[in-house]
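Structure at a glance
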Amino acid sequence: MARALRRQRHLLLIAIGVLAAACGSSTPPEDAARGAIVRDGAARFTVLTPTLIRLEYADDERFEDGPTQTVLSRALPVPAFRTRVEDGDRIIETDALRLHYRQGSGAFGDDNLRIELRVAGQTQTAQPQWGMPADPDNLGGWRRALDNEQAAVSLHDGLLSRRGWFLLDDSATALLTAAAPGFATRPAHGGAYQDGYFFGYGHDYARGLRDLRALTGPAPLLPRKAFGVWFSRYWAYSADELQELVAQFRAQQVPLDTLSLDTDWKRVHNAVACVAFDVIAGARPGDPCSWNGWDWNRTLFPDPQGFVDWAHAQGLALALNVHPSIDTADPQYPMVQAQAGALAGDASLPPCAVLQADPLHGCKIFDWTDPAQLAAYFALHEPIAALGIDFWWLDWCCDGSHADAPGLSADTWINAQYAQFNAARDRRWPAFSRIGGSQPAGDAVAANGGAGAFAEHRTTMHFTGDTCGTWEMLAFEAKMTVGEGNIGLPYVTHDIGSFLGPPLAGGLCNGTLGHTAHLPDDLYLRWLQFGVFQPLLRLHSSHGDRLPWDYDAPTAAVAGDFLRLRERLVPQLYSLARAAYDDGLPITRGLYLQWPEHDDAYTHPSEYLLGDALLVATVTAGGDPATVEVWIPPGDWTDYFSGEVFSGPRTVTLSVPLARYPLFARAGAIVVTQPDLPTSSAGPQDDLTVSVWPGADGDFELYEDAGEGLAYRAGAYRRSALTLRTPVAGCTQLTIAAAHGGFPGAPESRRWQLRVIGVDAPAAVTLDGTAVNGDSGWHYDAATRTVLIDVAAHPVQRALDARIGGADCATATGGDPA
């Protein structure tokens, strides 16, 4: 009975949950802000923001008010605008745009619609084309996956274009409905029909991303532990071996937060055929052939509940790999048949019967547009989820399950169902999956013209698939992460070190065959260092070596140092994730977001900002040291590791040893870190370090909450504003304002270490106006020109004001009040 009730509940969630915004509140299926609409015959315009206008044309004057797979709500605050008719043109003006439409002239086209906007200080005229044709000025977007790729490949367009505008064509996108199956095909129209959204952001790219977030909904806030270190491997680990592995992490003092089990956790369907499969595939003798399956491999995991409980006691989040098909020999297959009826066989090549090494039984697939089959599919997850599994890794690469319907992006649809399934369990984790298209079409086409990809940020951590280990691929992954920020997707995760390893002789890239996926030391370190400064860091491979102790002692030492740096950065990354939720800004940002009028901001695709304080230049060639060309943006930038200061804008060529990475802090940067930990807690730390680089004003907002669960959507969180000012020359003022908000378990006081970097030895240091003794309260490191100040437990509800500089610094005015 309990299981039946859960299935009914999930069907209900599918039916009505797709209408809910990611923040958890339901949205009315009509334009609430009717004052934003301008009707002109068969044309209808909705002014959504000063830089965003909906363009809808219907010969039969039947317009659409409901949500679509891409657009959740148009009920935004009505901006100021003016409209009039002049010389037969309908004109709509906002502070940013002027739209002209020739009245009674039919569907929108080059001859009857133009929109004027300001781009780089000049008035430009846009004549948007429908169908989202490729734009040579587009700044990059998305791709479903990078499976088996060795070098750069094309990306589908994203929102941002150097021409200053973009038309999101939503004309054919499926509608979301409260009734099963949860979507509907757009109704037929008696004549032409167009439905699109004109983003006219000019070169204010951040404004364009905020508009996208307002229109399509926010990205979720991942659990805090997601921003630490992940590990997985396509390898038949047993529960005992995983316990030994985690003990190695602890002994090596390398942090670990998330453990993902690849396909081998599943039961074997045909043990005899598996022996032959292992020989052909070059696997270890005795490796299980567990492509799909809906029960644990009891040889490897004799006590699944005990294993899950052990992992959680170690502070680890757990994910399980899923291939979306089912063998007819699976013990759960009779339940699926009873609930969903007959399932179709798999027509993929190779069919999943081969992949699961079971030619004697049938491999069946799911139609995710059929409510009964969708419910039966998720019913397979329920008893496994009940053990405490945190999230699911949907590895939809080679099965024939599908979600085919006009206007429906299949990846986007099934990823939303996974996110809803987990949200019903009060878990933040969204889908961990590929995006925006469908298997088997893959990247051959952009499903639904690519419109569905613009909704993926609401429900997906993008796993980019099984890459090959080359320097060219490493360089491209940096570009791709930034590009996917341009569709509002903050969470992109690559296989750090690649899945398949370096190509074999003849260019074959298959790390499983012969277990060849050991990387050259420099390629391994540079890929790992790159991952430290990505939204998510996930060490993963096919039978390959991705752990520090898989390499020689010098390489292992550097790798361990960088993984510990990643763990220290969790408070900073978590705060950036909240900014993505609030404003639609990605965690890794193209340089053009801040310097849109500098050509160099567009010509260094592997260079990016982490937030707005840190500049990362990806190392894309071998050697120790490596030669790296870096564009230094305007202002002063300090090498995070060497302390050398560079003033921009200019391009420099650096020699970077393996023990360092091209990471730069801008003048005014504020970076908050936590202590070295074996694993991050779900909630906040009460001992934090604030590092600042004076020379310009700086601001940062530290965000904290329980780190898991969905209470943050209802306001259970805390914000603390940090500011860096220079009241007078030679005086640094760092203020940590009183915290605002709260949540269960929030610390009432906190110990701080303040690090003021790149300054001369001060004559005085004060905290809240009181002089600090230099013998015990602060220390100056002459080698790094850094002042270190230890602050004892300080109430978070009281501001902390630190002054570092000359004798007059304590009384200087002009900074922010404490």
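Residues numbered from 1 in each chain as written. Predicted model: local features only at pLDDT ≥ 70, side-chain atom pairs only at ≥ 80, totals over all residues. Heavy atoms only, no water.

1. A closer look at the sheet that holds strand β18 (residues 363-365)
- Ordered by their spatial adjacency, 3 strands build an open sheet running β16-β18-β17, and the pairing between neighbours is antiparallel. The open sheet has two edge strands, β16 (325-327) and β17 (344-345), and neither has a second partner.
- Note that β16 and β18 share 3 bridges and pair antiparallel. Residue pairing in the sheet places S325 in a bridge with I365 of β18. (Pairing = 2+ DSSP bridges. Helix = DSSP H or I, 4+ residues; strand = E, 2+ residues; numbered from the N terminus.)

2. What to know about the pattern of salt bridges
- Within the structure shown, the criterion is met by 42 salt bridges.
- For R186, the salt bridge identified is with D195, shortest N-O distance 3.0 Å.
- You can call D195 buried: its relative accessible area is 0%.
- A salt bridge links R785 to D760; its shortest N-O distance comes to 2.8 Å. Linking R785 in the loop between β39 (778-781) and β40 (786-795) with D760 in the loop between β36 (749-757) and β37 (764-767), this pair joins segments that are 25 residues apart in sequence.
- Salt bridges sharing partners connect three or more residues here, namely R84, E86, D89, E93, R98, R102, R114 and E116. (Salt bridge = Lys/Arg side-chain N within 4 Å of Asp/Glu carboxyl O. Buried < 20%, exposed > 50% of the residue type's maximum accessible area, 1.4 Å probe, protein only.)

3. Thoughts on the pairing of strand β15 (residues 317-322)
- Within β15, 6 of the 6 residues are buried, which leaves it mostly tucked inside the rest of the structure.
- Neither face of β15 is exposed, since A317, A319 and N321 on one face and L318, L320 and V322 on the opposite face are all buried.
- In terms of strand pairing, strand β14 (residues 258-261) meets β15 through 4 bridges, oriented parallel. The partner of T258 across the bridge, within β15, is A317.
- Sheet topology note: the β15/strand β19 (residues 391-394) ladder contains 4 bridges and is parallel. Note on β19: the bridge partner recorded for L320 is W392.

4. Points about the layout of surface pockets
- What the second largest pocket holds in volume is close to 830 Å³.
- Mapped by element, the contributors of at least two residues to the lining of the second largest pocket are α12 (553-568), β27 (626-639), β30 (669-673), β31 (687-693), β36 and β41 (800-805).
- Residues of the lining of the second largest pocket, tallied by class, amount to 18 nonpolar, 16 polar and 7 charged. (1 Å grid on protein atoms, 1.4 Å probe; cavity = no way out; pocket = protein on both sides within 12 Å on 5 of 7 lines; lining within 4 Å. Points joined across faces, edges and corners; volume = space filled by probe spheres on them. Nonpolar A, V, L, I, M, F, W, Y, C, P; charged D, E, K, R; others polar.)

5. Quick word on the sheet that holds strand β2 (residues 43-49)
- A sheet is described by the order of its strands in space; here 5 strands give the open sequence β1-β2-β3-β12-β9, paired in antiparallel fashion. Bordering the open sheet on either side are β1 (37-40) and β9 (166-169), each of which pairs with just one other strand. Each strand axis lies, on average, 20° off the axis of its neighbour in the sheet, ignoring direction.
- Sheet strands in contact with helix α2 (residues 205-216) are β2, β3 (52-58) and β12 (193-199), and its direction is about 135° off that of β12. (Axes fitted to C-alpha atoms, helices over the stretch in contact; angles between N-to-C directions. Contact = heavy atoms within 4.5 Å.)

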